[in-house]
Amino acid sequence: MATATSVVRSPKAPLSGKFTFADKKTTLPVHIPQFPPQRRRFTPLSASLHDSENNNGCNKNAQAVELEKLFDDAPYDDVSKDSPLHPRPLSSTQFSNSVSNGNRLRVAYQGVRGAYSEAAAEKAYPNCEAVPCDQFDSAFQAVEKWLVDRAVLPIENSLGGSIHRNYDLLLRHSLHIVGEVKLAVRHCLLANNGVKVEDLKRVLSHPQALSQCENTLTKLGLGREAVDDTALAAKYVAFRKLNDTGAVASSSAATIYGLNILAQDIQDDCDNITRFLMLAREPIIPGIERPFKTSIVFSLEEGPGVLFKALAVFALRQINLTKIESRPLRNQPLRASDDSNNGLKYFDYLFYVDFEASMADPRAQNALRHLKEFATFLRVLGSFAVDTTMT
C-alpha cells in the first residue's frame, strides 16, 4: 500500500561538491578549493528544498543527519582532486578565479551526472562540456564569474508547473535568456544488480519525479523519500549498495552508476515535458527570420483594471502571450489600499510574461513602449528562438 512521502535534507552548511563520479568526458573540471580530509561530506541532498522549510524541521533535520552519517568515511570520497575523470559539483562558496578556456563550450547545470538537466544541457549545446553545480544559484554565479560560458536550468514542467526558485533568480542575477530547450522526461525504476521489484520497500527521487509516478509507485506499495535530484537518488542507491531501496531516475543515470532498469516509462502521464532556459552573460541579437519569443518581467501599481491594461498592450498588436507568472515582490511590505475598503492590504507583485514576438519586431517594441508608460518596473529578460523540438 502507499505510504506518505518523507523529505530528506542535508544540513544548511554550504554544499561541498563532495561526491565524485566517473565522467566519460576527459576535459579537466573547474578547479575549486577542496575541504580537508576530515571535513568530508556528502554533497547534495538539499539545494532546492532549503527554501521550503516547514514546521516539521526537527524530524527532517534528524533524518538528514542520519543520512549524512551513512556517507562518513565512504571510500567513494577518496579520489585525487587532479583526476580529469571526476569533476565535482561547483558550489557558490567554492568559486575560484578559474575561467573558461579551450574550444569546447562549458555549460553549467544543477545536479550530478545523469540528471535530466545534464541531458538538456547537451541537447542545447551539443558536444559541450557539461559542468555540474550543487544549486541553481551556483549555476547563475558560475556564468557571472566566467567559470562557464552558459547555464541551462529548468523553468517549468508540463505536470509540475513552474520552478519558482529560478524565476526569482532571473531577477536577482544579471544573466540573459538566449534560448530554450524542451526535454521529454522518461522516468525509470532503478535498483542494484540482483534486486527485484518485490525486494524493494522504498524509492528515492526528486519530489516532482515521485509525484509524476504516483500511480505506479502506489500499485507497487513502495514508500517514497524525496531528495533534491533524480540522479542523486540513483548515486545514493548505487554507492550504498542498497538492496531494499530503488531510485526513480533516467536511463542514463542507470548506465553511469551501474544500476539495473526494473521498469521504464513509469510516469503516470506520457506527456511529461520540462522546459529549460539557456542563460548567458550577453544577450543575443534577435531576428525575425524564424519564430522568436521574448520574456519580460514588470510590476504595476495596484488599481482596478491595471493588469488588464498591461496585457492589452499585446492584444492590441496581435501578439500572443504564451505564459504569465506572478511572484510577490520580495522585501516589500504589504501596502494599504488607497480607498476605505475596510483597511485591506495588498501584496505587490512581479509579473513574468512570455510573448511570441522578437524584439526586432516593431510590434514588440511598440508594445513595450506602451507598457513602460504605466509600469513601475520593466525588464527584458531575453529574446530568443523558439524550440520546436520535443525529445
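Above this note sits the structure.
The shown structure was predicted, so the numbers you read here are calculated from the model rather than taken from an experiment.

(A) Expanded view of the side chain of Asp-387. Mapping Asp-387 onto the fold places it in the segment after β18 (375-385). Looking at Asp-387, the relative accessible area reads 11%, which means it is buried. Side-chain polar atoms of Asp-387 contact the side chain of Thr-389, separated by 2.7 Å.

(B) Broad picture of the side chain of Lys-323. By the secondary structure assignment, Lys-323 is in strand β14 (residues 321-328). Only 3.4 Å separates the side chain of Lys-323 from the side chain of Glu-325, close enough to count as a polar contact. Excluding anything up to four places from it in sequence, Lys-323 contacts Glu-156, Ser-162, Tyr-167, Arg-275, Tyr-352, Val-353 and Asp-354.

(C) Broad picture of the packing of aromatic side chains. For the coordinates displayed, the defined rule picks out five aromatic pairs. Seen from their ring centres, Tyr-349 and Phe-351 are 6.4 Å apart, and the 35° between their planes marks the pair as tilted. Of the residues examined, Tyr-349 reaches a relative accessible area of 31% and is grouped as partly exposed. Phe-351 gets classed as buried once you look at its relative accessible area, which sits at 13%. A connected cluster of aromatic rings, assembled from ring pairs, spans Phe-298, Tyr-349 and Phe-351.

(D) Inspection of the environment of Ser-251 at higher detail. Take Ser-251: it is sitting in helix α8 (residues 251-257). In this structure the C-alpha to C-alpha distance between Ser-251 and His-187, which are 64 residues apart in sequence, comes to 7.7 Å. The contacts of Ser-251, once residues within four sequence positions are left out, are Cys-188 and Ile-261.

Cut-offs and rules
- Residues numbered from 1 in each chain as written.
- Predicted model: local features only at pLDDT ≥ 70, side-chain atom pairs only at ≥ 80, totals over all residues.
- Heavy atoms only, no water.
- Helix = DSSP H or I, 4+ residues; strand = E, 2+ residues; numbered from the N terminus.
- Buried < 20%, exposed > 50% of the residue type's maximum accessible area, 1.4 Å probe, protein only.
- Polar contact = N/O pair within 3.5 Å; in protein donor to acceptor, adjacent residues only side chain to side chain.
- Contact = heavy atoms within 4.5 Å.
- Phe/Tyr/Trp six-rings, centres within 6.5 Å; stacked < 30°, edge-to-face > 60°.

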